[in-house]
Amino acid sequence: MDNYIYYNMEGSLQRSINEYRKFYDPNYTRPNSSDELLFPHLCDAIRSEEDVGIFLKEIKQIEIVHKLLQNVRTIQFTKNFLLNQEDSFLWNYIQAYVDDICILYNPDANEIRNLWRTKTNSSFLGLPVYVALLESQYIKEDEIEESMERQINGWKNYGSLQFLDEHKTEILKRNNFRKAFENTAFNDLFSNDSNKQSSLCYETNFYMSVFRNFGISNFQVTKMIDNFNRNGKFPYTLASQLFDEYESIEIECEPDEKITLKELLNKH
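Note that this is a predicted model, so its numbers are computed, not measured.

With that out of the way, let us pick up the overall build of the protein. Secondary structure summary: the protein contains 19 helices and zero strands in total. Its C-alpha atoms give the protein a radius of gyration of 25 Å, more than 25% over the compact-globule value 18 Å for 268 residues. Dimensions of the protein, computed from C-alpha atoms along their principal axes, come out at roughly 85 × 45 × 30 Å. By residue count, 47% of the 268 residues in the protein fall in the buried class. For the protein, restricting intrachain contacts to residue pairs at least 6 apart in sequence, the fraction spanning at least 24 positions comes to 71%.

As structure tokens, then:
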């Protein structure tokens, strides 16, 4: 009976492939059409991990894999398929469907640790994935500080912080982003090395993203004022942009210190 169902037209994998070819062909299907009548046939036809691969090879639409991963009949086949793909393919999929991490991995899986150690800090595209790991509590509590510092150093080297909306900012705040920032990237601003100061100018977008989203703490204000008073070293492009946006950034310090820092930024 299983073989009959598999090769019967109602459950045929090839039939689903043919149906979806037409579905994604604009000559047959209008834009924004639903595949609600086709998808149940596909779920019937998927009987193995290999079937998922065959379908994706013919119908190169990654959103179908996402839908198969949500379906109770095909979830395990699809999960096995994804976890057995090349690392680059899986990473691209995770970036496209961040929430599927909770389906693909167990909270204590070594793969989770590998993600935040080698992937999420490699470019700004990894930020949503890292935030999803934090939100799902997939990073062990005693590893959050290390993971956060790795992200900050990676994002700083990339030179930008993208996709940082209010929700993501709040999750990072809850997990002590500011403290990790002060322990890592913030300290780099006070280097006396002229070459280092010049290179930091290329990372201005990163620092300004942090200041816009997380504000400037009293500790940071005090340290910046002290640094200006001692040696006046500060990345000049950052000083200029910070001065221009000074009034719109939340700064946690006494009014006189706020004025002092602004004056020092202007002189610099």
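The rest of the description comes next.
Next up on the list: helix H4 (residues 49-58). If you check which residues of H4 are buried, you get Asp51, Val52, Phe55 and Leu56. Buried residues of H4 fall within an arc of 130 degrees about the axis and therefore sit on the same side. Summarising the geometry of H4, the exposed residues directed more than 90 degrees from the buried face are Glu50 and Lys57.

For Asn227, the location among the structural elements is in helix H17 (residues 218-230). Judged by relative accessible area, which is 1%, Asn227 ranks as buried. Ignoring sequence-local partners within four residues, the contact set of Asn227 consists of Phe190, Gly232, Lys233 and Phe234.

Moving on, we get to the nonpolar core. Membership of the largest hydrophobic core comes to 80 residues, with the highest contact counts inside it found for Tyr105, Phe177, Phe181 and Phe211. Looking at this core, the element that brings in the most residues is helix H10 (residues 127-135), giving seven residues. When neighbours within four sequence positions are excluded, Phe181 is seen to be in contact with Ile152, Phe186, Phe206, Tyr207, Val210, Phe211 and Gln220.

Bringing the packing of aromatic side chains into the picture now. Tallying each qualifying case throughout the model produces 18 aromatic pairs. With 5.9 Å between their ring centres and 50 degrees between their planes, Phe181 and Phe186 make a pair best called tilted. The burial state of Phe181 is the same as that of Phe186; both residues are buried. Consider the rings of Phe181 and Phe206, whose centres lie 6.3 Å apart with planes at 55 degrees: the pair is tilted. Of the two residues, Phe181 sits in helix H13 (residues 177-183) while Phe206 sits in helix H16 (residues 204-214), which places them 25 residues apart along the sequence. This pair shows no difference in class: Phe181 is buried, exactly as Phe206 is. Looking at Lys67, its charged tip hangs above the ring of Phe39, at a distance of 4.5 Å from the centre. One residue, Lys262, lies across the ring of Phe243, its end atom 5.7 Å from the ring centre.

Take helix H19 (residues 255-267) next. With 13 residues, H19 ought to run about 18 Å at 1.5 Å a step, and its terminal C-alpha atoms sit 19 Å apart, in line with that. Within H19, burial applies to Leu261, Leu264 and Leu265. All buried residues of H19 lie within an arc of 100 degrees about the axis, which places them on one face of the element. Turned more than 90 degrees away from the buried face of H19 sit Pro255, Asp256, Ile259, Asn266 and Lys267, all of them exposed.

Pairing of side chains with opposite charge becomes possible as their charged atoms draw close. Here the structure, examined in full by the defined rule, presents 15 salt bridges. Linking Asp87 and Lys119 is a salt bridge whose minimum nitrogen-to-oxygen distance equals 2.8 Å. With Asp87 in helix H7 (residues 87-96) and Lys119 in helix H9 (residues 110-119), the pair connects residues that are 32 residues apart, well separated along the chain. Note that Arg212 and Glu245 form a salt bridge whose closest N and O atoms lie 2.8 Å from each other. Highlighted residues: Arg212 in helix H16 and Glu245 in the loop between helix H18 (236-244) and H19, separated in sequence by 33 residues. Judged by relative accessible area, which is 43%, Arg212 ranks as partly exposed. Looking at Glu245, the relative accessible area reads 22%, which means it is partly exposed. Three or more residues are tied together by salt bridges with common partners; here these are Arg117, Glu146 and Arg150.

Parameters and conventions
- Residues numbered from 1 in each chain as written.
- Predicted model: local features only at pLDDT ≥ 70, side-chain atom pairs only at ≥ 80, totals over all residues.
- Heavy atoms only, no water.
- Helix = DSSP H or I, 4+ residues; strand = E, 2+ residues; numbered from the N terminus.
- Rg over C-alpha atoms; globule rule 2.2 N^0.38 Å.
- Buried < 20%, exposed > 50% of the residue type's maximum accessible area, 1.4 Å probe, protein only.
- Contact = heavy atoms within 4.5 Å.
- Arc of directions from axis to C-beta.
- Core = buried A, V, L, I, M, F, W, Y, C linked by side-chain atoms within 4.5 Å.
- Phe/Tyr/Trp six-rings, centres within 6.5 Å; stacked < 30°, edge-to-face > 60°.
- Lys NZ or Arg CZ within 6 Å of the ring centre and 35° of its normal.
- Expected span 1.5 Å × (residues − 1).
- Salt bridge = Lys/Arg side-chain N within 4 Å of Asp/Glu carboxyl O.

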